[in-house]
Amino acid sequence: MRTFKKITLTEGHCFKDQLLQWAQQFNEVVWLDSNSHNQQYSSYDAVLAVDAFTLLQTDYINAFDQLKEYQSSTNDWLFGYLSYDLKNDTENLESVNFDGLNFPELFFFQPKKVFLLKGNTLEMQYLKFVDDELDDDYSQIATFEQVSPEEIKPEPIKIKLRMTKDNYFEQFQKIHKHILRGDIYEVNFCQEFYAENTSINPLAVYTKLNSISNPPFAAYFKNADKFAISASPERYLQKKGSTIVSQPIKGTAKRSKDVVEDAQLKYNLEHDEKERSENIMIVDLVRNDLSKTAVKGSVNVTELCKVYTFDQVHQMISTVTAEVEHTKSPVEVLRTTFPMGSMTGAPKVSAMEIIERVEETKRGLYSGAIGYFTPGNDFDFNVIIRSILYNSTNKYVSYSVGGAITAKATAEAEYQECLLKAKAMRAALLAT
């Protein structure tokens, strides 16, 4: 079905930049970059898919059934996203809050051209009817003239908050009452920052955001006039063979330029009772979700509350694994675990009902997932956080941030955590 070609690269790091700039000519683009993080479960250093041969885009109604049919009948690479509001397909829920972005709730495409980077090896996989373009494309990419950021003249951007600080505190108190009543134990409460009547250069913004954050699950997505620019540190779910891996994040601390202070901030996070309890609650939720499709007795927590250091923040991450039968549909694994526990709460359905009432914006792709299916029924998806979403036709730019609210949380501390998480996105937009 595809023509394969492997090439040993000598161009170094700049080849990735050339590859991504070359890709901008296509209407459909998915770029995933690990930024050279040494990850135990990583399959590739970077992946690019461009130019749809077939595609599926739909609202939430029967979305997972449609995806299951598309994935099984195509039996090829598929790239795309699951929006948070697919919750309405799996549960009796709704999404009625304001939506300035108007993305489809599910979008996947079968690319004509796939590029897989691992070390200094590039593998190009082209559908047969375009494989005569393979050598010419490589020559173009290798000699592609990059555009300097100084050549891009940005428009001024005025970023607004959808929710005032006073309103955030009011909604926080409503959540706390639900927790004290026992309706929920934990909920992820988010707020939106946005800009209207604004045009940005998505690739320039991605380049800046990626340089600021250097995350392990970076993503650049384009569907005609709709863009996702992601500096995600979190993996939602991976399937490799019969093994499923989930790596939820709960627990955040700022960095310091002072080495001693930075080490103390990391130590404090590692031993923070509130942050650990948040993380453990979500680990329990993930274990329960994975058990719905896992081989009995195969769900294991292989790493609990380990703190990892990133350029902007320290993060507390756990790893949960499970085994599934080879006959199990990969879409069924996604359906029974989506949306991810780290962006909802516990119990999950009650948390999502409360989220809809206290938040002011439809989440859409934010707190959804971008990733891919392989021809062998494997998949890998990130969590869309620390991300900028853009509709160039609507001239609407959006980024959202949130945090886990538990009985021990305080409104001021959670609000400040939101501002910390928003810092990189704001800097990327104002600098480009």
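A short tour of the structure in this document, coming up. As the structure is a computational prediction, the values presented were derived from the model and not from experiment. Per chain, residue numbering runs from 1 following the sequence as it is written. In keeping with the model being predicted, local features are shown solely for residues with a pLDDT of at least 70 and side-chain atom pairs are shown and tallied solely at 80 or more, while totals for entire chains, interfaces and linings include all residues. Neither water nor hydrogens contribute to the side-chain values; these are computed over all heavy atoms in the structure.

In this section: the overall build of the chain. By definition, any uninterrupted DSSP run of H or I lasting at least four residues is a helix, any uninterrupted run of E lasting at least two residues is a strand, and each is numbered from the N terminus. Within the chain one finds eleven helices and 20 strands. In this setup the radius of gyration rests on C-alpha atoms only. A globule is expected at 2.2 Å times the number of residues raised to 0.38. By the compact-globule yardstick of 22 Å for 432 residues, the chain fits well, its C-alpha radius of gyration being 21 Å. Projected onto its principal axes, the C-alpha positions of the chain cover 65 × 55 × 45 Å. Taking all 432 residues of the chain together, 59% fall into the buried category. Sequence-distant contacts in the chain: of pairs separated by 6 or more residues, those separated by 24 or more amount to 76%. Split by element, the accessible area of the chain, about 17,700 Å² in all, is 48% carbon and sulfur. For the purpose of counting charges, residues Lys and Arg are taken to be positive, whereas Asp and Glu are taken to be negative. His and the chain ends are not included. Here the site of a charge means NZ on Lys, CZ on Arg, CG on Asp, or CD on Glu. Side-chain charges in the chain split into 47 positive and 59 negative, and the spacing between the mean points of these groups amounts to 3 Å. The cut-offs for exposure are 20% and 50% of the maximum accessible area for each residue type, with area from a 1.4 Å probe on protein chains only; residues under the lower value are buried, those over the upper are exposed, and the others partly exposed. Throughout, a residue-residue contact means that at least one pair of heavy atoms, one from each residue, lies within 4.5 Å. Working definition of accessibility: Shrake-Rupley area with a 1.4 Å probe, residue cover restricted to the visible protein chains.

Residues enter a nonpolar core if they are buried and are Ala, Val, Leu, Ile, Met, Phe, Trp, Tyr or Cys, with the set joined through side-chain atoms within 4.5 Å. Ranked by internal contacts, the top residues of the largest apolar core, which has 68 residues, are W22, F115 and I388. Sorting elements by how many residues they give to this core places helix α11 (residues 411–431) first, with eight residues. When neighbours within four sequence positions are excluded, W22 is seen to be in contact with L48, V50, K113, F115, Y126, D137, Q140, I141 and F144.

This part is about empty space enclosed by the protein. Residues are called lining when one of their atoms sits within 4 Å of a cavity or pocket point, these points coming from a 1 Å grid over the protein atoms alone, where a cavity is a set in which a 1.4 Å probe fits but cannot get out and a pocket is an open set with protein on both sides within 12 Å along at least five of seven lines. Grid points are joined across faces, edges and corners, and a volume is the space filled by probe spheres set on the points. The full count for this structure, using the stated rule, is seven cavities of 30 Å³ or more. Each pocket or cavity is described by its volume, and for the largest cavity that value is around 210 Å³. Considering the residues around the largest cavity, the lining is formed by 20 residues, among which L32, P216, F217, Y372 and D380 are closest to the centre. When residues of the lining of the largest cavity are traced back to their parent elements, those giving at least two are β2 (28–33), β3 (46–58), β9 (217–223), β17 (369–373) and β18 (379–382). Three classes are used: nonpolar for Ala, Val, Leu, Ile, Met, Phe, Trp, Tyr, Cys and Pro, charged for Asp, Glu, Lys and Arg, and polar for all others, with Gly counted as polar. Residues that form the lining of the largest cavity fall into these classes: ten nonpolar, six polar and four charged.

Right, let's talk about unusual backbone geometry for a bit. Residues apart from glycine generally show negative phi values, whereas peptide bonds are mostly found in trans. At the junction of F338 and P339, the peptide bond is cis and its omega measures out at -5 degrees in the coordinates. Locating P339 in the fold gives a position in the loop between α9 (330–335) and β16 (345–346). Of note, the bond from A346 into P347 is cis; its omega dihedral lies within 30 degrees of zero at -10 degrees. We note that N75 has phi near 50 degrees; this positive angle belongs to a residue other than glycine. Mapped onto the fold, N75 is located in the loop between α2 (63–74) and β4 (78–82). Phi is positive for K395, which is not a glycine, with a value near 55 degrees. Structurally, K395 is set in the loop between β19 (387–391) and β20 (396–405). Judged by relative accessible area, K395 falls into the partly exposed class, the value being 31%.

Let's shift gears to the pattern of salt bridges. A pair is scored as a salt bridge if a Lys or Arg side-chain nitrogen falls within 4 Å of a carboxyl oxygen belonging to Asp or Glu. Following the criterion strictly, the structure yields 29 salt bridges and no others. Note that E192 and R162 form a salt bridge whose closest N and O atoms lie 3.2 Å from each other. Highlighted residues: E192 in strand β8 (residues 186–195) and R162 in the loop between β7 (160–161) and α5 (165–181), separated in sequence by 30 residues. By relative accessible area, which is 2% here, E192 ends up buried. On the accessibility criterion, R162 (22% relative accessible area) is partly exposed. We note a salt bridge from D380 to R235, for which the minimum N-O separation is 3.0 Å. Within this pair, whereas D380 is found in strand β18, its partner R235 is found in strand β11 (residues 235–240), the two being separated by 145 residues in sequence. Across this residue pair, the class does not change: D380 and R235 are buried. Among the charged side chains, a salt-bridge network with shared partners connects D65, K68, E332 and R335.

Note on ring pairs: Phe, Tyr and Trp rings are taken, using the six-membered ring of Trp, and paired if centres are within 6.5 Å. Classes follow the plane angle, with under 30 degrees stacked, over 60 edge-to-face and the rest tilted. Across all of its chains, the model carries 31 aromatic pairs by this definition. Centroid distance F79 to Y372: 5.5 Å. Interplanar angle 35 degrees. Geometry classified as tilted. Of this pair, F79 sits in strand β4 while Y372 sits in strand β17, and the two are 293 residues apart along the sequence. The class of F79 is buried, set by a relative accessible area of 0%. Taking the relative accessible area as the measure of exposure, Y372 reaches 6% and is therefore buried. Look at Y194 and Y396: their rings are 5.9 Å apart centre to centre, the planes differ by 15 degrees, and that puts the pair in the stacked class. With Y194 in strand β8 and Y396 in strand β20, this residue pair connects regions lying 202 residues apart in the sequence.

Once that is clear, we can look at the side chain of S232. Mapped onto the elements of the fold, S232 is located in strand β10 (residues 226–232). Under the relative-accessibility criterion, S232 is labelled buried at 0%. Of the polar contacts made by the side chain of S232, one reaches the backbone oxygen of V383; its length is 2.6 Å. Pairs of N or O atoms are called polar contacts if they sit within 3.5 Å, as long as, within protein, a hydrogen donor faces a hydrogen acceptor (for residues adjacent in sequence, only side-chain-to-side-chain pairs).

With that out of the way, let us pick up the side chain of Q191. Structurally, Q191 can be placed in strand β8. Among residues more than four places away in sequence, those in contact with Q191 are L161, M163, Y168, Y399, S400, V401, Y415 and C418.

When you tally the buried positions in β4, you get five out of five residues, the bulk of the element. Alignment of β4 against β17, held across five bridges, turns out to be antiparallel. Along β17, the bridge assignment pairs L82 with A369. Taken together, the four bridges between β4 and strand β5 (residues 106–118) define a ladder with antiparallel strand orientation. In the sheet register, G80 faces β5, and the bridge partner there is F108. Paired strands, in this sense, are two strands between which DSSP finds at least two bridges.

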